[in-house]
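Residue strings, one per chain:
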Amino acid sequence: REACGLIDMSFMSKFVVAGRDAVHVLQRLSTSDINTGKMTYTQWLHKETGGVEADVTVCRLPRGTPWAPTDDSFLVVATDTIHRRVQAMVRREVRDGEVCAVVDMTGGLAKVDVQGPSSKDVLPELGDLAFRGVSTISIGKCASVVAARLTYVGEHGYELFVPSEHAVDVHDALVDRGAPHGLRHVGLKAVNSLRLEKGYRDYGHDIDNLDGVHDVGLSFTCDLTKEFNGKDRVLEAASQPRSRRLVSVFVEDKDAWPQPGAPVLRDGRVVGDLRSVTYGHALGGFVGLAMVDGPRWSGDDFAVDVGGRVYPCRASLRGFYDPRSERVRA
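What counts and what doesn't
- Residues numbered from 1 in each chain as written.
- Predicted model: local features only at pLDDT ≥ 70, side-chain atom pairs only at ≥ 80, totals over all residues.
- Heavy atoms only, no water.
- Axes fitted to C-alpha atoms, helices over the stretch in contact; angles between N-to-C directions.
- Helix = DSSP H or I, 4+ residues; strand = E, 2+ residues; numbered from the N terminus.
- Left-handed = near helix turned anticlockwise from the far one by under 90°.
- Contact = heavy atoms within 4.5 Å.
- Nonpolar A, V, L, I, M, F, W, Y, C, P; charged D, E, K, R; others polar.
- Pairing = 2+ DSSP bridges.
- Phe/Tyr/Trp six-rings, centres within 6.5 Å; stacked < 30°, edge-to-face > 60°.
- Buried < 20%, exposed > 50% of the residue type's maximum accessible area, 1.4 Å probe, protein only.

(A) Representation of the packing of helix 1 (residues 22-29) against helix 2 (residues 83-93) within the structure. Closest axis-to-axis distance for the helix 1/helix 2 pair is 10 Å, and the angle between their directions is 115 degrees. Pair helix 1 / helix 2 crosses with right-handed handedness. Contacts from Val25, Arg28 and Leu29 in helix 1 reach Met89, Val90 and Glu93 in helix 2. Looking at side-chain class alone, the contact of helix 1 with helix 2 contains four nonpolar, no polar and two charged residues.

(B) Layout of the sheet that holds strand 2 (residues 13-18). One open sheet accounts for five strands, arranged 3-4-5-2-6; its pairing is antiparallel. Two strands in the sheet have a free side with no partner beyond their single neighbour: strand 3 (40-45) and strand 6 (101-104). Pairs of neighbouring strands in the sheet enclose a mean axial angle of 30 degrees, with direction left out of account. As paired strands, strand 3 and strand 4 (residues 52-60) are joined by six bridges and run antiparallel to one another. By the bridge assignment, leucine 45 is partnered in strand 4 with valine 52. Helix 2 rests against strand 2, strand 3, strand 4, strand 5 (73-78) and strand 6 of the sheet, and its axis sits at about 160 degrees to strand 6.

(C) Looking closely at the packing of aromatic side chains. With the rule as written, the count across this model stands at five aromatic pairs. With a centroid separation of 4.8 Å and an interplanar angle of 65 degrees, the aromatic rings of tryptophan 257 and phenylalanine 286 are classed as edge-to-face. Here the residue tryptophan 257 occupies a position in the loop between strand 12 (244-251) and strand 13 (263-266), and phenylalanine 286 occupies one in strand 15 (residues 285-293), the gap between them amounting to 29 residues. Ring centres 5.2 Å apart and planes at 85 degrees place the aromatic pair tyrosine 279 and phenylalanine 286 in the edge-to-face group. Across this residue pair, the class does not change: tyrosine 279 and phenylalanine 286 are buried. Among the aromatic side chains, those forming a connected cluster through ring pairs are Trp257, Tyr279 and Phe286.

(D) Representation of the pairing of strand 10 (residues 157-163) in the model. In terms of burial, strand 10 is a largely internal element, seven of the seven residues being buried. Taking every second residue as pointing to the same face, both faces of strand 10 are buried, with Gly157, Glu159, Phe161 and Pro163 on one and Tyr158, Leu160 and Val162 on the other. Pairing between strand 7 (residues 109-115) and strand 10: seven bridges, direction antiparallel. From the neighbouring strand, aspartate 113 faces strand 10, where its bridge partner is glutamate 159. Two strands pair when backbone bridges link them, and strand 9 (residues 142-148) and strand 10 are joined in this way by three bridges, in the antiparallel orientation. Residue alanine 148 lies in a different strand from strand 10, and its bridge partner there is glutamate 159.

Laid out in structure tokens, this is it:
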């Protein structure tokens, strides 16, 4: 939050989707327009139910990327828990006569994130890169690092995709660069706390295939000017009253220690449960995401039941940290 962190996210699933018709295959799968030249956050939905099958980012790789098989190559990044599902979804979406292949690059690419306000000082060559922009840069002895200005912790930052044989060298170069700027190594427990303060979702914890985009607050990813799998279900759900919603919750009492699955109450009545929760150090309390029933999803009159003891909490449709994302875009 104050300087910058170096985060090893290499466990994430990474695929290159390439070929003459790769863009058409990915456009049908994705709720967003992925052919923008930027890193795009999007959902892949079940064709019939509209449930969220995958939560991914997609970008067209810069022309000339050495490890891209063709100039019509896209990078798809997903969480590790849906590795094989994402791969299978791409393969099944390819129609007769289309030319499109999916290559599993998870073991071949390291993913190193540099996140925080001073990340701009660690990577000054990316100073002009717009939010969600993608570029190829050299770090250390590696001339083929694909960099995207994106964040999962709610700060100005970059995601770096590095051929695995160069991972150690790039890591060491970043550590040397970052030393004057307060760079520290950051683990996944800290990442979980940071992302929950911001209200960012984690597929498999906060979202699953029984949820629709409206339920989990991700309908903003849907570009209704294009066709995509599950679009009819999205439009149908939009026309109906909302019955439940994923919301951010904040418990100020430091003795509460709520756990995932804890009941959430409103006006003394159980209306949902916590899907994820941890301590938020920047906020000074416990922060999480909960699925709650309507008709109201925000306010100060919520509570969490922890082993029979009830702790007051606040609920909000936005994350409690930097709710307007001013730091992300700074």
